[in-house]
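Observations on the model geometry
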Amino acid sequence: MTKPPGINIALCEFRPDDAWQHVVIAAPEKCRSCREKNCLRVCPSAVFQWDNIPDHPVLVRYRQCVECGACRLACPAGAVEFAYPRGGYGVVYHHG
Amino acid sequence: MISDWFKTKKPRKLPRSPASGPAPAAAPEKFDAIVVGAGPAGSTAAYFMARDGLDVLLLERGPFPGAKNCGGAAVIAEQIHDLFPNFWEEFPYERIVTSLEYWWLNEDSAVTAGFTSGRLAAAPYNRLTVKRKNFYAWLAAKAVAAGAALRLGHRVASVILDDGRTVGVRLAPPQSAAVLADIVVLADGANSLLAEQAGLIPRLSPLNLSLYAKETIALAPETIEERFNLPPGQGAIISLIGHPTAGYNGTASIHTFRDSVNINAGIAVNSFAAGGFGPGDLLARIKKHPRIAPLLAGGVTLEYGAAMIPEGGYHAIPPLVHPGLLIAGDAGSLVNGTHGINLAMWSGRFAAKAAYAAKTSRDFSAAKLSLYRTLLDESFVLQNMRANAKAAALQRDAPYLFDLYSRMLNEAAYLSVRAYPMPIKAKRRFVWRKVTSLQPVGKILADAWRVLKVVKG
Ligand SMILES: Cc1cc2nc3c(=O)[nH]c(=O)nc-3n(C[C@H](O)[C@H](O)[C@H](O)COP(=O)(O)OP(=O)(O)OC[C@H]3O[C@@H](n4cnc5c(N)ncnc54)[C@H](O)[C@@H]3O)c2cc1C
Ligand code: SF4
Ligand code: SF4
């Protein structure tokens, strides 16, 4: 699995919530027949990962999510469920 | 009377830290107004409501105001000066913008235009670049000083409706409590999940929301001033058109901070889906461009990030007024081009006015609160957005415009600048033929006509 170019999430501060996953693929069966796989491209922090093997699931590395909210809008099947992380958790920006 | 009511409410002091919050079993707390989101819209609304004597609770999910926001940014100083006189004396802004440039880019060249003037360096300034952390902190502190209670690390999970009227909000864990209010101002930003989940606005569309990536690159202040040709303390904003957005309509920019620069680029969410590339690719295109790379050379990237901007324009504005609830700022799609901070602040100001009028008459119906929409309609917020309404539609209908004409402009400039062993008349004909081979004359004229119609309104 290669990291798309230009994504520098290693530089972001994250306060990950180990107790609750805020972005999930609620209907993973829809991913099997999904040709677009928009989530893989749209996500600016490579949260969605897939090994190109048809029956394998799309993994959701929610701890590195920057909370932009685009995946929910981009998924043609409406399979992504997104809520903001619990108060105080998640990405923390410092530089504007 | 409003003044008496204000006195009876005032002594109640509210716990500020999440740890000392009330137990969920206790009777829910009640406020005059709850504001969701301590961004420009929310903090401005909270400030003016608190100043006018309302009992205000300002809820922010981040650990500090601005923690969840990135990208840009510059503010139009004069519009904020009207709300908070001489605000630039109260927080550390980055640079006073005295140079505004537009670069139409090809893969390897640039046609540039711009305006630079020391006159822009005098107060009230034209634009100031700001870091969100500093700007949001200042504004939230104003709201607190005026009497609003700010609670950080508090995420609102939903609005509470009673027979169609909003009566409060429910907090997500760990607080998990209900808090009641006569009025809720939703200022939860571009990806306003709360309004959508409550059924108050239609589902957000990937056509109307653009996704931006940003990178902050550290450079010494003197290096920035030398490379961008700036006197000390002054700043530049460069709008990048064409190549950076990979053939899609979108925008890209460079904002100079004191000791760093922010590069930003974005296009509509559905364009990424169609284009087969991601937001990071757009930043890579900018950083690699031969005109831009030298500006950033030797810089150390401090931070990466991404966020959405509602760019649907005037026609994408959802209903903003509901019984007991007002929607302000990005949550209400109040963005003109990529400018949103000033519109957010003014919408917060107008929401506060409508809330105050509702409170004094004890009428929180949509009809009473529609003063908010009236004030927006009469102000620059909706007047400017209405004026640009057709531009947003044009971008949607002719998504190739920016890129194609940037390429043609660069081609024409390149050919004109280059010396050819031919007479001048022949050269003109040659350049014309070359450029029109990119797009037939008929189509150029048709596009020009469409753009003209939009510009002339
Ligand atoms: C890359 C980029 C560049 C930009 N450049 C500029 C620029 O140069 N000039 C300009 O004027 N505008 C710019 N904008 C637009 C500008 O950022 C927005 O228009 C502006 O921030 C809107 O303010 P707001 O208060 O409505 O929302 P936001 O600033 O998004 O604030 C919303 C707040 O609500 C909080 N929140 C959200 N949900 C909840 C919840 N459920 N519970 C509690 N809190 C919640 C968030 O944490 C956040 O603090 C840019 C935007 C981007 C993405
Ligand atoms: S776009 Fe949606 S359906 Fe397709 S793979 Fe991604 S999450 Fe699954
Ligand atoms: S919200 Fe944004 S960063 Fe998070 S998973 Fe979705 S697309 Fe990726």
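You'll find the structure just up there.
What you see as residue numbers is a count from 1 along each chain, following the sequence as written. Numbering of ligands from 1 and lettering of chains from A proceed in the order in which they are written. Where totals are concerned, whole chains, interfaces and linings use all residues; where local detail is concerned, this predicted model gives features only for residues with pLDDT of at least 70, and gives and counts side-chain atom pairs only at 80 or more. Note that water and hydrogens are dropped before the side-chain values are worked out from all heavy atoms of the structure.

Moving on: the interface of chain B and chain A. Taken together, the 49 residues of chain B in the interface contact 36 residues of chain A. Defined here as a combined quantity, buried area equals the accessible surface (1.4 Å probe) lost by two parts on assembly, summed across both. Taken together, both faces of the contact between chain B and chain A bury some 3,600 Å²; the carbon and sulfur share is 55%. We define a salt bridge as a contact between a side-chain nitrogen of Lys or Arg and a carboxyl oxygen of Asp or Glu at a distance within 4 Å. Connecting chain B to chain A are three salt bridges. One salt bridge in this structure joins B:E196 and A:R72, with 2.7 Å as the shortest N-O distance. For this analysis, a polar contact is any N or O atom pair within 3.5 Å, provided that within protein one partner can donate a hydrogen and the other can accept it, and provided that sequence-adjacent residues contribute only side-chain to side-chain pairs. Between chain B and chain A we count 22 residue pairs in polar contact (both at pLDDT 80 or more) in total. In this text, helices come from DSSP runs of H or I with a minimum length of four residues, and strands from runs of E with a minimum of two, each type numbered from the N-terminal end. For the side of chain B that touches chain A, the secondary structure elements donating two or more residues are α4 (132-145), α5 (193-197), β11 (209-218), α7 (269-275), α8 (279-288) and β15 (300-310) of chain B. Sort the elements by how many residues they give to the side of chain B that touches chain A and β15(B) lands first, with eight residues. Ten residues, namely Ala, Val, Leu, Ile, Met, Phe, Trp, Tyr, Cys and Pro, are considered nonpolar, four, namely Asp, Glu, Lys and Arg, are considered charged, and the remaining ones, Gly among them, are considered polar. Grouping the constituent residues of the side of chain B that touches chain A by class yields 22 nonpolar, 13 polar and 14 charged. Residues are treated as being in contact if the distance between any of their heavy atoms lies within 4.5 Å.

What follows covers the nonpolar core. In this description, a nonpolar core means a group of buried Ala, Val, Leu, Ile, Met, Phe, Trp, Tyr and Cys residues linked to one another through side-chain atoms lying within 4.5 Å. Only protein chains enter the area calculation, which uses a 1.4 Å probe; residues under 20% of their type maximum are buried, those over 50% are exposed, and those in between are partly exposed. If you look at the biggest cluster of nonpolar residues, it comprises 133 residues, and the most contacted ones within it are B:I34, B:M49, B:F84, B:F87, B:F135 and B:Y372. Residue ranges labeled as domains rest on an automatic or database domain assignment. Shared between two domains, this core takes at least three residues from each, and those domains are domain 1 (2-86 + 131-202 + 318-387) and domain 2 (96-128 + 207-310) of chain B. With sequence-adjacent residues up to four places away left out, B:I34 is seen in contact with B:L57, B:L59, B:V169, B:V179, B:L180, B:A181, B:I183, B:V184 and B:V185. Core analysis: the second largest hydrophobic core is formed by 20 residues, A:V23, A:I25, A:A27 and A:C39 among them.

Moving on, we come to the site of ligand 1. Close contacts around ligand 1 come from 38 residues, with B:E60, B:A74, B:R132, B:Y136 and B:D330 the closest. Throughout, near means a residue has at least one heavy atom within 4 Å of the molecule or strand. Those residues lying near ligand 1 are distributed over chains A and B. Side-chain polar atom of B:R132 to an oxygen atom of ligand 1: 2.8 Å apart, as the coordinates give it. In the environment of ligand 1, an oxygen atom lies 2.6 Å from a nitrogen or oxygen atom belonging to the side chain of B:D330. Here the open area of atoms and residues is found with the Shrake-Rupley method and a 1.4 Å probe, where only the protein chains shown may cover a residue. For ligand 1, the accessible surface in isolation is 1,000 Å², of which the surrounding protein chains cover 95%. A per-class count over the shell around ligand 1 returns 17 nonpolar, 14 polar and seven charged. In this structure, the shell around ligand 1 is formed jointly by two domains, domain 1 (2-86 + 131-202 + 318-387) and domain 2 (96-128 + 207-310) of chain B, each of which donates at least three residues.

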